[in-house]
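Spelled out from the first residue to the last, the chains are:
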Amino acid sequence: MGTLIENLHNNNVIFSYYGFIDDKVLVEVLHITKSKLEGNNENPHIISRVNNAINECVDNVIKHNFYEDNEQVRYKSLLVVSKQQDDYTIDTINVVNSLQKESISEQLDFLKSQSKEELQVLKSKAFLGAEKNPQSGKGLIELALKADNCDCTFKTIDANYLFNINFKINTLN
């Protein structure tokens, strides 16, 4: 157990959660994280950016829950918020199936090819409901616009994939 505690301490983990994530858990996560950051006398603008990033990342986890209601106990996700030097890092890992992986990959490739201005236009269209393009996922557009650095990766696990979003917010911006 010492290794886990050392790892959490050495990586300056502010908050971690492993288990089923739904809207109720998200509300608690946001509350706890905000309280911890306020306790560390963090700038309110940074607190807002961190909470917005958590919200977008966790919304993605909730959106991609493909287990039936009676199997949700098997569906576990990981959320870790840490601070490394001048960056807050939000990591989420959740299981996606092959169809979801394909859809997410297409969206990510499309979004990476867009400029910030093009992403702003996509965001406006998506939030107005005018854009029904499957490559215009609101959450991923928000992440692409808000991130100081955002990496998304997949790792094969059994017949599915672990989808990891690693999102950084620089405290100096």
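None of these values were measured; they are calculated from a predicted model.

Participant: So, the overall build of the protein: which residues are in play, and what are the values?
Facilitator: Each helix and strand counted, the protein has six helices and five strands in total. The secondary structure elements of the protein, listed N-terminal to C-terminal, are α-β-α-α-β-β-α-α-α-β-β. Going through the 173 residues of the protein one by one, you find that 37% of them count as buried. Total accessible area on the protein is roughly 9900 Å²; 50% of this is exposed by carbon and sulfur atoms.

Participant: For unusual backbone geometry, give the residues involved together with the corresponding values.
Facilitator: At Gln85, a position not held by glycine, the phi torsion is positive, near 55 degrees. With respect to the helices and strands, Gln85 occurs in the loop between strand S2 (77-84) and strand S3 (87-96).

Participant: Tell me about the packing of helix H2 (residues 23-39) against helix H3 (residues 44-63), and please be specific about residues and values.
Facilitator: Relative orientation of the contacting elements H2 and H3 amounts to 160 degrees, with a least axis distance of 10 Å. When the interaxial angle is binned, H2 and H3 end up roughly antiparallel. The two elements H2 and H3 cross, and the hand of that crossing is right-handed. For the pair H2 and H3, the contacting residues are Asp23, Leu26, Val29, Leu30, Thr33, Lys34, Leu37 and Glu38 in the first and Ile47, Val50, Asn51, Ile54, Asn55, Val58, Asp59 and Ile62 in the second. The class makeup of the residues in the contact of H2 with H3 is nine nonpolar, three polar and four charged.

Participant: Can you explain the sheet that holds S3? Please cite residues and give values.
Facilitator: Here five strands make up an open sheet; going across it, the order is S1-S2-S3-S5-S4 and the pairing antiparallel. The outermost strands of the open sheet, each flanked by one partner alone, are strand S1 (13-19) and strand S4 (149-157). On average, each strand axis in the sheet is inclined to that of its neighbour by 15 degrees, with strand direction left out of account.

Participant: Please provide a residue-by-residue account of the layout of surface pockets, values included.
Facilitator: The computed volume of the largest pocket comes to approximately 250 Å³. In this structure, the largest pocket is lined by 14 residues; those nearest its centre are Leu108, Leu111, Lys112, Ala144 and Cys150. Looking at side-chain class alone, the lining of the largest pocket contains nine nonpolar, two polar and three charged residues.

Participant: Can you tell me about the environment of Val50, naming the residues and giving the values?
Facilitator: Mapped onto the elements of the fold, Val50 is located in helix H3. With 40 residues separating them along the chain, Val50 and Ile90 place their C-alpha atoms 8.0 Å apart. Not counting the four nearest positions on each side in its chain, Val50 is found in contact with Thr33, Leu37, Tyr88, Ile90 and Ile169.

Participant: Tell me about the packing of aromatic side chains, and name the residues and values.
Facilitator: The tally for this structure, following the rule as stated, stands at one aromatic pair. Taking the ring centre of Phe154 as reference, the NZ or CZ of Lys101 above it sits at 5.2 Å. Sitting over the face of the ring of Tyr161, Lys101 holds its NZ or CZ atom 5.2 Å from the ring centroid.

Participant: Describe the pattern of salt bridges, and please don't skip the residues or the numbers.
Facilitator: The final tally for this structure, using the stated rule, is two salt bridges. Residue Lys34 pairs with Glu38 through a salt bridge whose shortest N-O separation is 4.0 Å. Pair noted here: Lys34 and Glu38 are both in helix H2, with a separation of four residues, about one helical turn. The exposure class assigned to Glu38 is partly exposed, which follows from its relative accessible area of 43%. Linking Lys83 and Glu42 is a salt bridge whose minimum nitrogen-to-oxygen distance equals 3.9 Å. Here Lys83 is found in strand S2, whereas its partner Glu42 is found in the loop between H2 and H3, with 41 residues between them in sequence. Overall, Lys83 belongs to the partly exposed group, its relative accessible area being 23%. Residue Glu42 is classed as buried on the basis of its relative accessible area of 16%.

What counts and what doesn't
- Residues numbered from 1 in each chain as written.
- Predicted model: local features only at pLDDT ≥ 70, side-chain atom pairs only at ≥ 80, totals over all residues.
- Heavy atoms only, no water.
- Helix = DSSP H or I, 4+ residues; strand = E, 2+ residues; numbered from the N terminus.
- Buried < 20%, exposed > 50% of the residue type's maximum accessible area, 1.4 Å probe, protein only.
- Areas by Shrake-Rupley, 256 points an atom, 1.4 Å probe, with all protein chains shown as cover.
- Axes fitted to C-alpha atoms, helices over the stretch in contact; angles between N-to-C directions.
- Parallel < 35°, antiparallel > 145°, perpendicular 65-115°, else oblique.
- Left-handed = near helix turned anticlockwise from the far one by under 90°.
- Contact = heavy atoms within 4.5 Å.
- Nonpolar A, V, L, I, M, F, W, Y, C, P; charged D, E, K, R; others polar.
- Pairing = 2+ DSSP bridges.
- 1 Å grid on protein atoms, 1.4 Å probe; cavity = no way out; pocket = protein on both sides within 12 Å on 5 of 7 lines; lining within 4 Å.
- Points joined across faces, edges and corners; volume = space filled by probe spheres on them.
- Phe/Tyr/Trp six-rings, centres within 6.5 Å; stacked < 30°, edge-to-face > 60°.
- Lys NZ or Arg CZ within 6 Å of the ring centre and 35° of its normal.
- Salt bridge = Lys/Arg side-chain N within 4 Å of Asp/Glu carboxyl O.

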